[in-house]
Amino acid sequence: MKIIKHIPNTITCCNLLSGCLSIVYLNQSNLFMAGMMIVVAAVFDFFDGFAARMLNAKSPIGGELDSLSDVVSFGVAPSFIVFKLLSGFDEITICGHHYAAYSAFLLAAFAAVRLAKFNIDTRQTTSFIGLPTPAMAIFVATSAIALTVAEPDSWFYTAVFNPWFLLGIVAAFSFLMVSEIPFPSLKLKNIKFKGNEVIYITLILSVLAVALLGCLGLPLVMLIYIIVSLVV
């Protein structure tokens, strides 16, 4: 097989390696880089499919490798970030033990289920059924990045460092990933507004959020996408 056929799978492996590096940086208490490596993984995740189409190098192994990589980068890695954040709280106990932090790994489990469903669901060709795992992962990653620049007395810092908020995020995203709720793809079909309403509204509101809030507005981008998808 020509070496060009291996380019998409190489990019997919870069996605996987980025997810692994996120966990390494988190182990070193570098929350910023842990979040950034998930964002980098999402970039690789976009370009592996793009490269496969451009090079006509689609293959069954490429699809399977993509899902396996996504489980790590968009399931396990963000779960560790949420676990790290939740593990600092002593308020929530179960039978006297601090087990609440381990609920973070529900994100990894539901992400795996969502990716497995995607592989066998023929309905998901131009849109998604259930929230795509990268959306959940990017929300967690950008929240981690924003935390590193947020003031300790800011609304964002207070919200994220609330264990009930974090547990709510785990429950909500776990449900959304395996739900039957349709979520449109963010790929433009054409430049017309009709048929691309979610994309344009999400883009406009996201630009406003980042312009007004700076880095603190980054996590809101995925929340805007979810809310607009549910409403429009």
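Residues numbered from 1 in each chain as written. Predicted model: local features only at pLDDT ≥ 70, side-chain atom pairs only at ≥ 80, totals over all residues. Heavy atoms only, no water.

(A) Geometry of the side chain of Asp45. In this fold, Asp45 is placed in helix 2 (residues 31-54). Given a relative accessible area of 17%, Asp45 falls into the buried group. Residues within four places of Asp45 in sequence aside, it is in contact with Asn15, Asp66, Asp70, Phe74 and Pro134. (Helix = DSSP H or I, 4+ residues; strand = E, 2+ residues; numbered from the N terminus. Buried < 20%, exposed > 50% of the residue type's maximum accessible area, 1.4 Å probe, protein only. Contact = heavy atoms within 4.5 Å.)

(B) Quick peek at helix 2. Given a rise of 1.5 Å per residue, 24 residues ought to cover 34 Å, and the 35 Å separating the end C-alpha atoms of helix 2 matches this to within 8%. Within the sequence span of helix 2, burial applies to Leu31, Ala34, Gly35, Met37, Ile38, Ala41, Ala42, Asp45, Asp48, Ala51 and Ala52. Contact partners of the buried residues in helix 2: helix 1 (7-27), helix 3 (60-86) and helix 5 (133-147). One or two steps after helix 2, the chain reaches Asn56, where phi turns positive at roughly 55°. (Expected span 1.5 Å × (residues − 1).)

(C) A look at unusual backbone geometry. Here Ser29, not a glycine, exhibits a phi torsion of approximately 65°, which is positive. Turning to its location among the elements, Ser29 is positioned in the loop between helix 1 and helix 2. Take Ser29: its relative accessible area is 55%, and that puts it in the exposed class.

(D) Molecular detail of a nonpolar patch on the surface. There is a patch of nonpolar side chains on the surface, built from Trp155, Ile204, Leu205, Leu208, Leu212 and Leu213 and spanning about 610 Å² of accessible area. The element best represented in the nonpolar patch is helix 8 (residues 197-213), accounting for five residues. Along the chain, the position of Leu212 falls in helix 8. (Patch = residues over 30% accessible without salt bridge, like charges linked within 9 Å, V, L, I, M, F, W, Y side chains within 5 Å. Areas by Shrake-Rupley, 256 points an atom, 1.4 Å probe, with all protein chains shown as cover. Salt bridge = Lys/Arg side-chain N within 4 Å of Asp/Glu carboxyl O.)

(E) Structural view of the nonpolar core. With 45 residues, the main nonpolar core has Ile81, Leu131, Met136 and Phe173 as its most contacted residues. Apart from residues lying up to four places away in sequence, Ile81 is in contact with Ser22, Leu26, Leu31, Ala34, Gly35, Ile38, Val140 and Ala144. (Core = buried A, V, L, I, M, F, W, Y, C linked by side-chain atoms within 4.5 Å.)

(F) Structural view of the packing of aromatic side chains. Inspection of the entire model under this criterion finds nine aromatic pairs. Aromatic pair Tyr157 and Phe161: ring centres 4.7 Å apart, planes at 35°, arrangement tilted. With relative accessibility at 26%, the residue Tyr157 sits in the partly exposed group. Judged by relative accessible area, which is 32%, Phe161 ranks as partly exposed. Pairing Phe183 with Tyr225 gives two aromatic rings, centres 6.0 Å apart and planes at 40°, and the pair type is tilted. Linking Phe183 in strand 2 (residues 182-184) with Tyr225 in helix 9 (residues 218-231), this pair joins segments that are 42 residues apart in sequence. Both residues of the pair, Phe183 and Tyr225, count as buried. Site record: aromatic cluster; members linked through ring pairs are Phe80, Phe83, Tyr102 and Phe105. (Phe/Tyr/Trp six-rings, centres within 6.5 Å; stacked < 30°, edge-to-face > 60°.)

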